[in-house]
Amino acid sequence: LNLNDNKQLTGNINSLRVLRETLAQVEIIDCKKVEGNFMDLADFPHMNELNLCHTAVTGDVREIGAHDFPALKSLSLPKDVY
C-alpha cells in the first residue's frame with residue numbers, strides 16, 4: 001500500500017486491520033491528516049516495511065515487544081513518535 005503526498009487523505013491506520021493477513025508493505029508518507037497509533041499494526045504477520053513519515057500517527061517505540069512486527073525489516077516513523 002503506497003499513499004504519498006495526499007493532503008486530503010484522512011483516517012486512522014487502525015482501519016488497515018481488515019488487511020492484516022495480506023499487507024506486507026505500508027507507505028503512508030506526507031499525509032498529515034492520517035492518524036492513529038503505529039502499534040495497531042504490530043501484529044501484521046507479513047509486514048516487512050512500515051513508513052509513516054509526515055503523518056499524525058503517534059506511539060512509543062518502547063512498547064515494541066519481542067513478538068511485535070515479526071517480519072519487519074524497515075521502520076520509519078513520524079518525528080513525534082517516541
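Notes on the structure in this doc start here.

## Notes on the packing of aromatic side chains
Move 1: A complete count under the given rule lists one aromatic pair for this structure.
Move 2: Residues Phe38 and Phe69 carry aromatic rings whose centres are separated by 6.1 Å and whose planes lie at 10° to one another, so their mutual orientation is stacked. Pair noted here: Phe38 is in the loop between β4 (33-37) and β5 (49-51) and Phe69 is in the loop between β6 (56-58) and β7 (74-76), with a separation of 31 residues, a long-range link.
Move 3: The exposure class assigned to Phe38 is buried, which follows from its relative accessible area of 0%.

## Some details on the pairing of β4
Move 1: Only one face of β4 is buried: it carries Val34 and Gly36, and the other face, with Lys33, Glu35 and Asn37, is open.
Move 2: Sheet topology places strand β2 (residues 10-12) next to β4; three bridges connect them, and they run parallel. The residue of β4 that forms the bridge with Asn12 is Glu35.
Move 3: As defined by bridge partners, β4 adjoins β6 across three bridges and the pair is classed as parallel. Across the sheet, residue Gly36 finds its bridge partner in β6, namely Val57.

## Here we look at the pattern of salt bridges
Move 1: Overall, the coordinates contain seven salt bridges when judged by the stated rule.
Move 2: Lys7 is the partner of Asp30 in a salt bridge, and the nearest nitrogen-oxygen pair spans 2.9 Å. One end of the pair, Asp30, is in the loop between β3 (25-29) and β4; the other, Lys7, is in the loop between β1 (2-4) and β2, with 23 residues separating them in the sequence.
Move 3: Residue Asp30 is joined to Lys32 by a salt bridge in which the shortest nitrogen-to-oxygen separation is 3.0 Å.
Move 4: The exposure class assigned to Asp30 is buried, which follows from its relative accessible area of 18%.
Move 5: Overall, the relative accessible area of 48% leaves Lys32 in the partly exposed class.
Move 6: Several salt bridges share partner residues, and in doing so they unite Asp5, Lys7, Asp30 and Lys32 into one network.

Thresholds applied
- Numbering of residues begins from 1 in every chain and follows the order in which that chain's sequence is written.
- Local features in a predicted model are, by the rule used here, given only for residues with pLDDT of at least 70; side-chain atom pairs are given and counted only at 80 or more, and totals for whole chains, interfaces and linings are based on all residues.
- Only heavy atoms go into the side-chain values, all of them from the structure, while hydrogens and water stay out.
- Each aromatic pair joins two rings of Phe, Tyr and Trp (for Trp, the six-membered one) with centres within 6.5 Å, and gets the label stacked for planes under 30 degrees apart, edge-to-face for over 60, and tilted for any other angle.
- Strands are runs of DSSP state E lasting at least 2 residues, helices are runs of H or I lasting at least 4, and numbering of each runs from the N terminus.
- For the exposure calls, accessible area comes from a 1.4 Å probe over protein chains only, and a residue counts as buried if that area is under 20% of its type's maximum, exposed if over 50%, partly exposed in between.
- When DSSP finds at least two bridges between two strands, those strands are taken to pair.
- Within this document, salt bridges are pairs made up of a side-chain nitrogen of Lys or Arg and a carboxyl oxygen of Asp or Glu, the two lying within 4 Å of each other.

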